[in-house]
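A closer look at the structure
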Amino acid sequence: MHPFRVSPPPPSAGPSRQLRTCRRMHHPASALTLALAFATALGCSGGSDGPRTFDPDAPLYAIMYEVYDDSGSNSYLSLISDLDLERVDPAESREFGTGRAFIQAYGDWLFVGDADAPTVTRYVVSDEGELVADGPQLSFANYGLTRGQFDSWNVSFISATKAYLMNFDDGTTILWNPTTMATTGDIPPPDEFFREGWSFESSPAAIRGNRLFRSVSWADYNTATYSSDYLLAVYDLDTDTLVDLVPETRCPVPGNLVSSDEAGNIYFSNWVWPVARAILADAPTPCVLRIAPDEEVFDADWTLDYGEVADGRYGAMFSYLHDGQALISVFHDEETSFDAETDPWAYVGSNHWSIWRMDLDTQQGAPIEGIAHNGGAFTPLQFDDRLILMVPGGDEVGYATQLYEVVDGVATPRVSLPGWSYQFVKLR
């Protein structure tokens, strides 16, 4: 499932509703001078003392975040060169439309999907520190898309000349060329992707050799219900065809980001939302599955039970790190309660989750120190030898999205964002 398709967002689970009133910086579509906010505090002044300088050899990162108010949201793109900044200032960011805009990076390119049009623009960073539009704009209008949804859930880069984009509206896989910025064909969805009265959902894709894997499931947003069964879809990247659909009922709806270990195992796990029905309505308990090396089906002899790690609690968001270490989100249902009138979205989207680090061999784990209880939906980022976690918060914890660096199981706050985000990429 795509994690952020619920509209409107559940209370506390989605972005903070705080309205920022700083002036919005509008820039030409073709070039954006980098506002590298070296230690700039968040505020409405729009700048720091003295001229900015651009170091072409410094690291460079892009963050897209969404700022909400009572009428909706606006998306902002910030470019930074320092992970140790205290805050990012929207006055020094580029606004990318009303709604949610998207970013992905591949090679030297930064791709931006529009919030209010089915188009994607490719950018490069010039020697002067400008983000310059590079090549024609790519449109997915012919496939019925209404915005440039373009994140890790639906975009898969295969090479500089071939990529896939999953259309969540109907399950079509769109083929496109990142170099020419043109669509080149599609893989039609099979009949098995459609269930009357249910919405199509999918995990992000995992690529290994000439195979692409993704899970396919179904959701009923009106009742916050997810299917108890799903399919493992297997695609051949040489022939651009769907070659297998493998039914599965263990560890239902594994829609989280997919991760792989050093041996080649591919891990599939659930997002936070399926935990609601498991607790409120005795739906199947989520867990973790893997595809073993040289296999194209889920390992029949391996599952990971969150409860075995987290003292019987429910979990989500399994993310493999390295050397047998992984992260999970753990829901502290002992801190809350429910009755027949409880809203499933609000229940599981509340700030009653903690992030744990665990050992796969011993299946022992413990909460990461320094991160308050939150909505559970963290995004892990490995930048060289630095582990960064993006943790959306809310009014209860006093921030919209906080970035932490984790070292030896202890988290230190880094960049704070004034909006809700799960999109952070390294350009160089």
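As the structure is a prediction and not an experimental result, all values here were calculated from the model.

Some remarks on the overall build of the protein
- For the protein, the count of helices and strands is three helices and 31 strands.
- For the protein, with 428 residues in total, the buried portion stands at 57%.
- As presented, the protein carries roughly 17,000 Å² of accessible surface, and 46% of it is formed by carbon and sulfur atoms.

Digging into the state of the cysteines
- One pass over the full model with this rule turns up one disulfide.
- Each disulfide pairs two cysteine sulfurs, and for Cys251 the partner residue is Cys287, the sulfurs being separated by 1.9 Å. Around the S-S axis, the bridge from Cys251 to Cys287 shows a dihedral of about -100 degrees and counts as left-handed. Here Cys287 lies in the loop between α1 (274–280) and β22 (289–291) and Cys251 lies in the loop between β19 (241–248) and β20 (259–260), a separation of 36 residues in the sequence.
- A residue is classified by how much of its surface remains accessible, and Cys251, at 4% relative accessible area, is buried.
- Accessibility expressed as a relative area gives 13% for Cys287, which makes it buried.

Quick word on the pattern of salt bridges
- Scanning the entire structure with this criterion turns up 16 salt bridges.
- Arg122 serves as the salt-bridge partner of Asp134, at 3.0 Å between the closest nitrogen and oxygen. Linking Asp134 in the loop between β8 (130–133) and β9 (138–139) with Arg122 in strand β7 (residues 119–125), this pair joins segments that are twelve residues apart in sequence.
- Judged by relative accessible area, which is 6%, Arg122 ranks as buried.

Some words on the sheet that holds strand β4 (residues 94–98)
- Taken together, four strands build an open sheet; the order of strands is β4-β3-β2-β31 and the sheet is antiparallel. Edge positions in the open sheet fall to β4 and β31 (420–426), since each of these has one partner strand only. Averaged over all pairs of adjacent strands, the angle between their axes in this sheet comes to 20 degrees, without regard to strand direction.

Examining the pairing of strand β24 (residues 325–331)
- Summarising burial for β24: seven of the seven residues are buried, a large majority.
- Relative to β24, strand β23 (residues 314–322) runs antiparallel, the two sharing six bridges. If you follow Gly315 over to β24, its bridge partner there is Val330.
- Between the end of β23 and the start of β24, which pair antiparallel, lie two residues, with Asp323 showing a positive phi angle near 50 degrees.
- Pairing analysis gives seven bridges linking β24 to strand β25 (residues 353–359), with the strands arranged antiparallel. For Ile328, the partnering residue across the bridge sits in β25 and is Trp356.

Considering the environment of Pro189
- Secondary-structure assignment places Pro189 in the loop between β13 (182–187) and β14 (199–202).
- When the C-alpha positions of Pro189 and Thr172 are compared, they lie 5.0 Å apart, and in sequence the two are 17 residues distant.

Calculation criteria
- Residues numbered from 1 in each chain as written.
- Predicted model: local features only at pLDDT ≥ 70, side-chain atom pairs only at ≥ 80, totals over all residues.
- Heavy atoms only, no water.
- Helix = DSSP H or I, 4+ residues; strand = E, 2+ residues; numbered from the N terminus.
- Buried < 20%, exposed > 50% of the residue type's maximum accessible area, 1.4 Å probe, protein only.
- Areas by Shrake-Rupley, 256 points an atom, 1.4 Å probe, with all protein chains shown as cover.
- Disulfide = S-S within 2.5 Å.
- Salt bridge = Lys/Arg side-chain N within 4 Å of Asp/Glu carboxyl O.
- Pairing = 2+ DSSP bridges.
- Axes fitted to C-alpha atoms, helices over the stretch in contact; angles between N-to-C directions.

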